[in-house]
Amino acid sequence: MDVLIHVFVALHIIGIASLLGGFLTQMKAMGAGTARFVPAMLHGALTMLVTGVALVGLNQAGDHPVNNIKIGVKLLLLVVILALVYIKRDEEKVDKGAFSAVGGLTLANIFIATLWT
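To start, this report covers the structure provided alongside it. (Residues numbered from 1 in each chain as written. Predicted model: local features only at pLDDT ≥ 70, side-chain atom pairs only at ≥ 80, totals over all residues. Heavy atoms only, no water.)

### Examining the overall build of the chain
1) Next: When helices and strands are tallied, the chain shows 5 helices and 0 strands.
2) Next: Seen in sequence order, the chain has helices and strands lined up from the N terminus as α-α-α-α-α.
3) Next: Radius of gyration (C-alpha) of the chain: 15 Å, near the 13 Å computed for a compact globule of 117 residues.
4) Next: The principal-axis extent of the C-alpha atoms belonging to the chain is close to 50 × 20 × 20 Å.
5) Next: Counting over 117 residues, the chain shows a buried share of 34%.
6) Next: Total accessible area on the chain is roughly 6,700 Å²; 72% of this is exposed by carbon and sulfur atoms.
7) Next: Positive and negative side-chain charges of the chain, numbering 8 and 6 respectively, have mean locations separated by a distance of 10 Å. (Helix = DSSP H or I, 4+ residues; strand = E, 2+ residues; numbered from the N terminus. Rg over C-alpha atoms; globule rule 2.2 N^0.38 Å. Buried < 20%, exposed > 50% of the residue type's maximum accessible area, 1.4 Å probe, protein only. Areas by Shrake-Rupley, 256 points an atom, 1.4 Å probe, with all protein chains shown as cover. Lys, Arg positive; Asp, Glu negative; His and termini not counted. Charge placed at Lys NZ, Arg CZ, Asp CG, Glu CD.)

Put into structure tokens, the structure is as follows:
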């Protein structure tokens, strides 16, 4: 069971890397006002959602402790990120506020995951 959990953690990290990487590649375009949500951002957020749900289930099945409040906060942030990226994914350019919100919420999600013990 532990090996499976580690595989899903690795996939979860790949998802966050895709989301954050997509954001970082558009930073220069954000300065010019032409940033857009790239498909990697949507796929990364969806990967995070699926692997995160799987991780919670696997940890609970293995009788590992799960901080449900932390998971709930992370899920809420991810749902907001997904909503923003999904709704505006076909737009040629996204306003700086929405684009910055996705980047900020992504960073917040990373810090919650690593610092909230």
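Structure shown, so let's carry the discussion forward.
### Brief notes about the pattern of salt bridges
1) Next: All told, the structure shown has 1 salt bridge when counted by the stated rule.
2) Next: As a salt-bridge pair, Lys-88 and Glu-91 come within 3.9 Å of each other at their nearest N and O atoms.
3) Next: Assessed through its relative accessible area of 32%, Glu-91 is described here as partly exposed. (Salt bridge = Lys/Arg side-chain N within 4 Å of Asp/Glu carboxyl O.)

### Notes on the side chain of Thr-106
1) Next: By secondary structure assignment, the location of Thr-106 is in helix α5 (residues 96-115).
2) Next: Among the residues examined, Thr-106 registers a relative accessible area of 2% and is labelled buried.
3) Next: Setting aside chain neighbours within four positions, we find Thr-106 in contact with Ile-16, Leu-19, Leu-20 and Ile-81. (Contact = heavy atoms within 4.5 Å.)

### A closer look at the packing of helix α4 (residues 68-87) against α5
1) Next: Interhelical geometry of α4 versus α5 gives an angle of 160 degrees and a closest axis separation of 10 Å. The angle between α4 and α5 falls in the class roughly antiparallel. Considering the relative orientation of α4 and α5, their crossing is left-handed. Between α4, through Lys-70, Val-73, Lys-74, Leu-77, Leu-78, Val-80, Ile-81, Leu-84 and Val-85, and α5, the contact on the second element is made entirely by Ala-98, Ala-101, Val-102, Leu-105, Thr-106, Ala-108, Asn-109, Ile-112 and Ala-113.
2) Next: Grouping the amino acids of the contact of α4 with α5 by side-chain chemistry returns 14 nonpolar, 2 polar and 2 charged. (Axes fitted to C-alpha atoms, helices over the stretch in contact; angles between N-to-C directions. Parallel < 35°, antiparallel > 145°, perpendicular 65-115°, else oblique. Left-handed = near helix turned anticlockwise from the far one by under 90°. Nonpolar A, V, L, I, M, F, W, Y, C, P; charged D, E, K, R; others polar.)

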